[in-house]
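# A structural walkthrough
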Amino acid sequence: MSEHSVDTDPPTEDDRADEHRTSEPQRRRRPDKTTVIMLLVLGVGIFLVIRGVLVGITGDDRANLPPFVESVVPVPEAVQIPNQSNVVVDLESGYTGVLVIDGIEIDTINVDELDLSDIEPGQQVELPPVTRFEPGNNTLTFTPNQSAAITQFDDGEHTAEVIYWKVEDGRQFARTFTWTFTVV
């Protein structure tokens, strides 16, 4: 026979209370209303930040640029542009074009075609006050100045248009892109 310990003492009131507690389901504590509200606000805030990051469109994607136009400055619908700002269009390789600003087509020169043979190293080069096309970068750049067709941008909205085409196809196959910017 094995030894088996058996409690022969009669149950006490504490033992009965313990049995009673275990047989009843335990009650949950009610969460504090302030804590629940704070967690909900925090959850909504995190959701909105994540959603904003995922659907936010900025930069060139926001500009909705056409094919073969890599960037434009000032960006479309820009506000608070200084009145002496440059207008720059960056085209894909193999393209050229002209700028039309507020209905005025600005003459364009190819900087590679300028005769710079008599220029000394370090000497400043005076470029004509027209749109400069730089074939190495495929950029069109216009800077308003006193000798140019546009001396400065007056306050208000301005319209810029780039007419661009593949160099080998010629201007008869040109495409256009128009955008606006606001000068202050």
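One structure accompanies this document, and this report is about it. (Residues numbered from 1 in each chain as written. Predicted model: local features only at pLDDT ≥ 70, side-chain atom pairs only at ≥ 80, totals over all residues. Heavy atoms only, no water.)

## Points about the overall build of the chain
Across its full length, the chain carries 3 helices and 10 strands. When the elements of the chain are put in sequence order from the N terminus, they spell out α-α-α-β-β-β-β-β-β-β-β-β-β. By the burial criterion, 26% of the 184 residues in the chain qualify as buried. When contacts within the chain are restricted to residue pairs at least 6 apart in sequence, those whose partners lie at least 24 apart make up 57%. When the accessible area of the chain is evaluated, it comes to approximately 13800 Å², of which 51% is carbon and sulfur surface. (Helix = DSSP H or I, 4+ residues; strand = E, 2+ residues; numbered from the N terminus. Buried < 20%, exposed > 50% of the residue type's maximum accessible area, 1.4 Å probe, protein only. Contact = heavy atoms within 4.5 Å. Areas by Shrake-Rupley, 256 points an atom, 1.4 Å probe, with all protein chains shown as cover.)

## Notes on the side chain of Thr-131
If you trace the backbone, Thr-131 turns up in strand β7 (residues 131-134). Under the relative-accessibility criterion, Thr-131 is labelled buried at 0%. Those residues in contact with Thr-131, other than ones at most four positions away along the chain, are Leu-99, Ile-106, Asp-107, Thr-108, Ile-109, Leu-140, Thr-141 and Phe-142.

## Quick notes on the sheet that holds strand β5 (residues 104-106)
Picture the strands of a sheet paired through backbone hydrogen bonds; they go either parallel or antiparallel. Read from one edge of the open sheet, 5 strands run β2-β10-β9-β4-β5, paired in mixed fashion. Both outer strands of the open sheet, β2 (78-81) and β5, are each paired with one neighbouring strand and no more. Within the sheet, the average angular offset between the axes of one strand and its neighbour, ignoring direction, is 35 degrees. Here strand β4 (residues 95-101) pairs with β5 via 3 bridges, running antiparallel. In the strand pairing of β5, Val-100 is matched with Glu-105. (Pairing = 2+ DSSP bridges. Axes fitted to C-alpha atoms, helices over the stretch in contact; angles between N-to-C directions.)

## Some words on the sheet that holds strand β8 (residues 139-142)
Read from one edge of the open sheet, 5 strands run β1-β3-β8-β7-β6, paired in mixed fashion. Here the strands that pair on one side only, and so sit at the sheet edges, are β1 (69-73) and β6 (108-110). The average angle at which neighbouring strand axes cross in this sheet is 15 degrees, direction not considered. Where strand β3 (residues 87-91) lies against β8, 4 bridges are found, and the strand directions are antiparallel. Looking at β8, one finds that Asp-90 is bridged to Thr-139.

## Remarks on the pairing of strand β10 (residues 175-183)
Examined bridge by bridge, β2 and β10 share 2 bridges and lie parallel to one another. Bridging from a neighbouring strand, Ala-78 pairs with Phe-181 of β10. Across 9 bridges, the pairing between strand β9 (residues 156-166) and β10 is antiparallel. Among the inter-strand pairings, Gly-156 is bridged to a residue of β10, identified as Val-183.

## Quick word on the environment of Val-87
Take Val-87: it is sitting in strand β3. Note on Val-87: relative accessible area 1%, which makes it buried. Contacts of Val-87, omitting those with residues within four sequence positions, involve Val-73, Pro-74, Leu-99, Ile-101, Leu-140, Thr-141, Phe-142, Phe-153, Trp-179 and Phe-181.

## Overview of the pairing of β8
In summary, the side chains of a regular strand alternate between the two faces of the sheet. Burial along β8 is two-sided: Thr-139 and Thr-141 facing one way and Leu-140 and Phe-142 facing the other are all buried. Here 3 bridges tie β7 to β8, and the two strands are oriented antiparallel to one another. Across the sheet, the residue bridging to Glu-134 is Thr-139, located in β8. What sits between β7 and β8 in their antiparallel hairpin is a turn of 4 residues, with Asn-138 showing a positive phi close to 55 degrees.

## Comments concerning the pattern of salt bridges
Considering all chains together, one arrives at 1 salt bridge under this definition. Among the ionic pairs, Glu-105 bridges to Arg-171, the shortest N-O distance being 3.1 Å. Of this pair, Glu-105 sits in strand β5 while Arg-171 sits in the loop between β9 and β10, and the two are 66 residues apart along the sequence. (Salt bridge = Lys/Arg side-chain N within 4 Å of Asp/Glu carboxyl O.)

## Re the environment of Gln-123
You can see Gln-123 is positioned in the loop between β6 and β7. Using a relative accessible area of 42% as the deciding quantity, one classes Gln-123 as partly exposed.

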